[in-house]
Amino acid sequence: MKRCDHSPVWAELKAHFASQAQSFDIRQAFAADAGRFQALSFEAPEVFADLSKNRIDSTSLALLLKLAQDCGIEAQRDALLAGEPVNHTEGRAVLHTALRAPKGATSPFNADVHASLDAMLAFAEGVRGGARGEITDVVHIGIGGSDLGPAMVVQALQAFGKPGLRLHFVSNVDGHDIAPVLKGLDHRHTLFVVASKTFTTQETLANAQTAKAWFLAAGGTDVARHFVATSSNTTAAAAFGIDTAFGFWDWVGGRYSLWSVIGLPIAIAIGADNFRALLAGAHAMDEHFAATPLARNVPVLLALIDVWYRNFHGFTSRSVAPYHQGLRRLPAYLQQLEMESNGKGVDREGQALGYGTSPVVWGEAGTNGQHAYFQMLHQGTDVIPVEFIAVKRPNHGHGGEVGALLLDQHRKLLANCLAQSQALMQGKSAAEARAEKAPTASASLDPDVLARHRSFPGNRPSTTLLLEALTPRSLGALIALYEHRVFVMGALWGINSFDQWGVELGKALCNRLLPRLESGDATGLDASTAGLLARLLA
């Protein structure tokens, strides 16, 4: 498992970047090659990827592919899929792909996975069908991977939801998260899902205890009927009053867990058949990742471009702009998936890295983002690659005049998406700006000065991912694509993408500080923390 900078190809990439690629211009590349779009567009299950607006030429791509081969990406991928303990710091396999393999497949733990899946889906169908009485509201209580994935998917697939059934997601230990949710509920028609593998997560248990107190205060008596857990700690769940708990395995990582019983709120929201379609889409992408040659393997290609930008161009962040309102929580989900996975400073051997790893991932749904931060993308001093996600066919569910107007809005949405990637690439010269009339510009300002204000540098890279429609299957494929992309980046950087030790220190310090917020004891604290503690208790 050769680290990227230990490969001789790394030096070749550095030399190519310094001599040619550093000054690469996307506009000139299109002018010189009429077939650039065809050459740099790729098909994966449910996803079409246009990579042509990136700062990459055939030499760069060939060297990056050579780097992937020299670093043993295929062997590392195969080890992951076979269930080898690739999370070596915790001695665990990483088998989220096994969670979506079809029944009877040769994937690890197939029989156990489907027994768990069948039980969870049967429960979900029971809730939808009234087995626990009339349930109008489901409140999912979790945090991190137990919250971000299910919340994002339920929101994205609202068109497939059960009419009259509302899903709520509570994660923050801040009581201002759960309090307004509780105010709108009827305890007789509410089901709470408590998601914590160990049933010890501080934020989740705090919210669960508050939910239980509210339920009892409202007149509820049957806690076991209105609370269910997705947890392997059935003893702790039972002590809470829960008698239905769905457990899972230690090889299911939090940020890869929506495919497991952690997906219970998804299954309740969209039903068993649609949940299986979500899994099928992800499995189709798994097969693409496992069997497609690297030169056409979309997760691999995206990861190679990510490494190219992070380690050679020095771009420190990437913006994700989904042009579909249903995907508005996707950037937040991807923040955890990528930054918690690859935000590491040492390699697998514990040696300090001499290059950057995870970029900052951030974004907002289009067109909202255009009126918020796109100004910086177009004219700011930092170059920030942008990832556009477009959906060809909407699913508004309206007909008649309203349906026609919504279809027209979708065309406007798609036009904006295409225009933004085009504008980032093309830019606008000062001469072009000077030739235009700007109605809102000051009439007293020198035209050349105004032209410099209204010019755009262009040559700013972007990728566009296109889905035919936002369905359970296509969403499953899209999420799996991102999972594999993150793995390939980490494998090239020589890091373990599946632990998260950086989360632990703050948790430990919180547990030590919590009693001090009652006692006021500041003994041994640094001056700043002691001063803030005193201020809070004054």
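The name that an unreviewed UniProt entry assigns to the protein is Glucose-6-phosphate isomerase, with the source organism given as Roseateles paludis. Of the protein, the UniProt comment under Function (unreviewed entry) reads exactly: "Catalyzes the reversible isomerization of glucose-6-phosphate to fructose-6-phosphate." As recorded by UniProt, the Subcellular location (unreviewed entry) comment attached to the protein reads in full: "Cytoplasm".

Trainee: Explain the sheet that holds strand 5 (residues 190–195) here, please?
Mentor: Hydrogen bonds between backbone atoms are what pair the strands of a sheet, whose relative direction is either parallel or antiparallel. Spatially, the four strands line up as an open sheet ordered 4-3-5-6, and their pairing is parallel. Each edge of the open sheet carries a strand with a single partner, namely strand 4 (166–170) and strand 6 (227–230). Neighbouring strand axes in the sheet, compared pairwise and without regard to direction, differ in orientation by 20° on average. Sheet topology note: the strand 3 (residues 137–141)/strand 5 ladder contains five bridges and is parallel. Among the inter-strand pairings, I141 is bridged to a residue of strand 5, identified as V194. In the packing of helix 7 (residues 145–156) onto the sheet, contacts are made with strand 3, strand 4 and strand 5, and the angle to strand 4 comes to roughly 150°. Sheet contacts for helix 9 (residues 202–217): strand 3, strand 4, strand 5 and strand 6; angle to strand 5, the most-contacted strand, approximately 160°.

Trainee: Just checking my understanding: could you explain empty space enclosed by the protein for this structure?
Mentor: Where empty space is left becomes clear once a probe the size of a water molecule has been rolled over the atoms. A full pass over the atoms with the stated rule returns three cavities of 30 Å³ or more. The calculated volume of the largest cavity comes to roughly 150 Å³. For the largest cavity, the lining is made up of 16 residues, of which I305, D306, Y309, R318 and P385 are closest to its centre. For the lining of the largest cavity, the secondary-structure elements that each account for two or more residues are helix 14 (298–313), strand 7 (317–323), strand 9 (386–393) and helix 20 (472–493). Of all the elements, helix 14 adds the most residues to the lining of the largest cavity, at five residues. Here the residues of the lining of the largest cavity sort into eight nonpolar, three polar and five charged. Here the second largest cavity defines a volume of roughly 60 Å³. Lining the second largest cavity, in full, are L99, V113, S116, L117, M120, W249, W259, S260 and V261. Along the lines of polarity and charge, the residues of the lining of the second largest cavity split into seven nonpolar, two polar and no charged.

Trainee: Looking at this structure, how should I read the layout of surface pockets?
Mentor: There is about 1,100 Å³ of room inside the largest pocket. Elements that contribute at least two residues to the lining of the largest pocket include exactly helix 7, helix 9, helix 15 (330–342) and helix 21 (504–513). Counted by class, the lining of the largest pocket contains 14 nonpolar, 18 polar and nine charged residues. One number sums up the size of the second largest pocket: a volume of about 460 Å³. In terms of lining, the second largest pocket is formed by 20 residues, of which the most central are H324, Q325, G326, N395 and H396. When residues of the lining of the second largest pocket are traced back to their parent elements, those giving at least two are helix 7 and helix 17 (400–426). In terms of residue count, helix 17 provides more of the lining of the second largest pocket than any other element does, four residues in total. The residue makeup of the lining of the second largest pocket, split by class, is eight nonpolar, 11 polar and one charged.

Trainee: Is there a simple way to explain the packing of aromatic side chains in this structure?
Mentor: Under the counting rule described, the total for this entry stands at 21 aromatic pairs. Centre to centre, the rings of F37 and F48 are 6.1 Å apart; their planes meet at 45°, and the pair counts as tilted. One end of the pair, F37, is in helix 3 (residues 36–39); the other, F48, is in strand 2 (residues 47–50), and 11 residues separate them in sequence. With 5.1 Å between their ring centres and 45° between their planes, Y373 and F374 make a pair best called tilted.

Trainee: Looking at this structure, how should I read the pattern of salt bridges?
Mentor: Between side chains of opposite charge, a pair can form when the charged atoms approach closely. Enumeration over the complete set of coordinates arrives at 27 salt bridges. The shortest N-O distance in the salt bridge between R3 and D5 comes to 2.7 Å. With relative accessibility at 10%, the residue R3 sits in the buried group. Among the residues examined, D5 registers a relative accessible area of 25% and is labelled partly exposed. The salt bridge partner of R276 is D118, with a shortest N-O separation of 2.9 Å. Taken as a pair, R276 in helix 13 (residues 272–291) and D118 in helix 6 (residues 110–129) lie far apart in primary sequence, 158 residues in all. The class of R276 is partly exposed, set by a relative accessible area of 35%. What emerges from the salt-bridge pattern is a single network uniting D306, R318, E338, E387 and R485.

Definitions and cut-offs
- Residues numbered from 1 in each chain as written.
- Predicted model: local features only at pLDDT ≥ 70, side-chain atom pairs only at ≥ 80, totals over all residues.
- Heavy atoms only, no water.
- UniProt positions renumbered as here; feature names shortened; annotations may be inferred.
- Pairing = 2+ DSSP bridges.
- Helix = DSSP H or I, 4+ residues; strand = E, 2+ residues; numbered from the N terminus.
- Axes fitted to C-alpha atoms, helices over the stretch in contact; angles between N-to-C directions.
- Contact = heavy atoms within 4.5 Å.
- 1 Å grid on protein atoms, 1.4 Å probe; cavity = no way out; pocket = protein on both sides within 12 Å on 5 of 7 lines; lining within 4 Å.
- Points joined across faces, edges and corners; volume = space filled by probe spheres on them.
- Nonpolar A, V, L, I, M, F, W, Y, C, P; charged D, E, K, R; others polar.
- Phe/Tyr/Trp six-rings, centres within 6.5 Å; stacked < 30°, edge-to-face > 60°.
- Salt bridge = Lys/Arg side-chain N within 4 Å of Asp/Glu carboxyl O.
- Buried < 20%, exposed > 50% of the residue type's maximum accessible area, 1.4 Å probe, protein only.

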